[in-house]
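A look at the structure
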Amino acid sequence: MEHPDSILIVDFGSQVTQLIARRVREAGVYSEIAPFQSAAEAYARMQPKGIILSGGPASVLDEGSPRIPDAILSSGLPMLGICYGQQALTQQLGGRVEKGAGGEFGEAFVEVGDACALFDGLWQTGDRHQVWMSHGDHVAALAPGFRPVATSKGAPFAIIADDARRIYAMQFHPEVVHTPDGAKLIANFARHVCGLAGDWSMAEFRAAKIAEIRAQVGSGKVICGLSGGVDSSVAALLIHEAIGDQLTCVFVDGGILRQGEAEQVVGLFRGHYNIPLVHVDAQALFMNGLAGVTDPEAKRKFIGKTFIDVFEAEAKKIGGAEFLAQGTLYPDVIESVSFTGGPSVTIKSHHNVGGLPERMNMQLVEPLRELFKDEVRALGRELGLPDVFVGRHPFPGPGLAIRIPGEVTKERCDILRKADAIYLEEIRNAGLYDAIWQAFAVLLPVRTVGVMGDARTYDSVLALRAVTSVDGMTAQAFQFPGDFLPRVATRIINEVKGINRVTYDYTSKPPGTIEWE
């Protein structure tokens, strides 16, 4: 999907490059990320109006270190270099970079020494502002045409400017929240330096994407695996708006969904939207296959494989579908084309329909592959999807199976479903749902002694989890008001047979993960 007014972000391997794209889009300008190795091709394809060069872990002084492609460096476009991007610009344009004695890491302060377009309406000469530094090397001598416009204790060239060529660079990271004015600096680059209007919107994206889907699919048939989550729901609605009954959704119920979820999905998509929907009750198949399985990875792999098997069988019954729709998001696309091209450590296998296109000889339709999660929610609202779907907390592909450490059985799923529903109901009643990134219950493989009435009990323990987060990469335990957790625990123990003790998980991410398995 091409945008006439866009910014290309060249990725040199920073852990926070995605945040640059988010900040540009928050300014109303479309952006894409390309690894430096393929940035020249992305530049030729996109024809952007500006370039941002990310940070990265390498040193420009090392042999074979990443370089700015010549096509980009000689493009004449406005450029903004960040950290490694500043050093690469300096070195390749004739300046000098040196190894630092100790580097500069964490909170720092820059002093504005001169005006430039990045500061318009934001910073004044003589101002002092907090920023976030993370660098070892530093610029020692400026390239011809540049002037310093801000300094810090550890970086005399904290921000530099070549106004004639519209090239600006900074040693700190404006994309992170620890640089309070960073988003505004990036917005100034996009609007004041690149001259972009900042009018990219979900309404524009919706119209352009519908035209693109129609052009790709033509009169062909599309099948979509509908989970009921935000991503697949928004993808299905958008595709249906584009091609109508050429789309058929397949909803596989393996008995590991939340309470009432299957009925809600079927009612909304088949009833309200009148989208052709195949509802497959595969609970017995999943429960039989999970019997005796306790390893988390084994659970995930069985669920993923079984979903593919069931989906493939249903697709064959439908017949004639040439396209497979997936709710792939932009972070998935970025991560699949890593900076180094090397493997990453697998913390957990991701449950998706990977392998289906090749196995079934189908072409992919991925209408959300250019969007971040919050943008998908905005598109869902643009499409009129009810807020109960749009604002729903993330739910893992393997469902309740990874919220039941140990063996998964129908009985344990039923217990967890009921307890989880009570927990979420109380959160909604307290008006806290939207303040929490994700909340859920975990049924532990532990039994404890309790007393109910005059009788001894020996039942299961339930753990409650709720976290706040921006993007799921890091998370903190949510701090409930004083009487909330005791009230929830009392309800669950009184109303859910099989649970006699409730705990709360205060672990942050890292060191923990949000889900338990």
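Look up a bit, the structure's there.
Conventions adopted
Residues numbered from 1 in each chain as written. Predicted model: local features only at pLDDT ≥ 70, side-chain atom pairs only at ≥ 80, totals over all residues. Heavy atoms only, no water. Helix = DSSP H or I, 4+ residues; strand = E, 2+ residues; numbered from the N terminus. Rg over C-alpha atoms; globule rule 2.2 N^0.38 Å. Buried < 20%, exposed > 50% of the residue type's maximum accessible area, 1.4 Å probe, protein only. Contact = heavy atoms within 4.5 Å. Areas by Shrake-Rupley, 256 points an atom, 1.4 Å probe, with all protein chains shown as cover. Lys, Arg positive; Asp, Glu negative; His and termini not counted. Charge placed at Lys NZ, Arg CZ, Asp CG, Glu CD. Pairing = 2+ DSSP bridges. Axes fitted to C-alpha atoms, helices over the stretch in contact; angles between N-to-C directions. Expected span 1.5 Å × (residues − 1). Polar contact = N/O pair within 3.5 Å; in protein donor to acceptor, adjacent residues only side chain to side chain. Core = buried A, V, L, I, M, F, W, Y, C linked by side-chain atoms within 4.5 Å.

Let us now look at the overall build of the chain. The helix and strand tally for the chain stands at 16 helices and 20 strands. Scaling as 2.2 N^0.38, a compact globule of 517 residues should have a C-alpha radius of gyration of about 24 Å, and the chain matches this with 26 Å. Its C-alpha atoms put the chain at 80 × 60 × 40 Å along the principal axes. Taking all 517 residues of the chain together, 56% fall into the buried category. Nonlocal contacts in the chain, meaning residues at least 24 apart in sequence, comprise 76% of its contacts between residues at least 6 apart. Of the accessible surface of the chain, which amounts to about 21900 Å², a share of 52% is contributed by carbon and sulfur atoms. Charged side chains in the chain number 48 positive and 61 negative. The centres of these two groups are separated by 4 Å.

Taken across its nine residues, helix α4 (residues 84-92) has eight buried, putting it largely inside the fold. Residues Y84, G85, Q86, Q87, A88, L89, T90 and Q92 constitute the buried set of α4. Looking one or two places after α4, you find G94, whose phi comes out positive at around 110 degrees.

So, about the sheet that holds strand β14 (residues 277-281). Strand order in the open sheet formed by five strands is β14-β13-β12-β15-β16, and the pairing between neighbours is parallel. Because the sheet does not close on itself, it has two edges, and the strands there are β14 and β16 (363-365). Sheet twist, expressed as the mean angle between neighbouring strand axes with direction ignored, is 30 degrees. One ladder, built from four bridges, connects strand β12 (residues 221-225) with strand β15 (residues 321-325); its direction is parallel. Within β15, the position partnered with K221 by the bridge is A321.

A cis geometry characterises the amide bond from K509 onward to P510, with omega recorded as -15 degrees. Note that the residue after P510, namely P511, is joined by a cis bond; omega there is 15 degrees. Note that P511 resides in the segment after β20 (499-504). Here C83, not a glycine, exhibits a phi torsion of approximately 55 degrees, which is positive. Mapped onto the fold, C83 is located in the loop between β4 (79-82) and α4. At N274, a residue that is not glycine, the phi angle is positive and equals roughly 55 degrees. Counting through the fold element by element, N274 comes out in the loop between α8 (261-272) and β14.

Turning to the pairing of strand β18 (residues 455-468), a few remarks are in order. Where strand β17 (residues 438-452) and β18 come together, 12 bridges link them in antiparallel fashion. Within β18, the position partnered with A439 by the bridge is A466. Direction of pairing for β18 relative to β20: parallel, over a ladder of five bridges. Paired with A463 across the two strands is T503, which belongs to β20.

Attention now moves to helix α10 (residues 296-318). Spanning 23 residues, α10 covers 33 Å between terminal C-alpha atoms, matching the ideal 33 Å at 1.5 Å per step. Among the residues of α10, the N-terminal cap falls to D295, whose side-chain oxygen and the backbone nitrogen of E297 are separated by 3.2 Å. Directly beyond the C-terminal end of α10, a positive phi value near 75 degrees is found at G319.

It is worth spelling out the nonpolar core at this point. Membership of the largest hydrophobic core comes to 47 residues, with the highest contact counts inside it found for Y423, I427, L462, L464, F480 and I492. The element contributing the most residues to this core is helix α15 (residues 410-429), with eight residues. Contacts of Y423, omitting those with residues within four sequence positions, involve A439, F440, A441, L464, R465, A466, F480, F484, V488 and Y504. Counting 43 residues, the second-largest nonpolar core is a separate cluster that includes W200, V217, A242 and L247.

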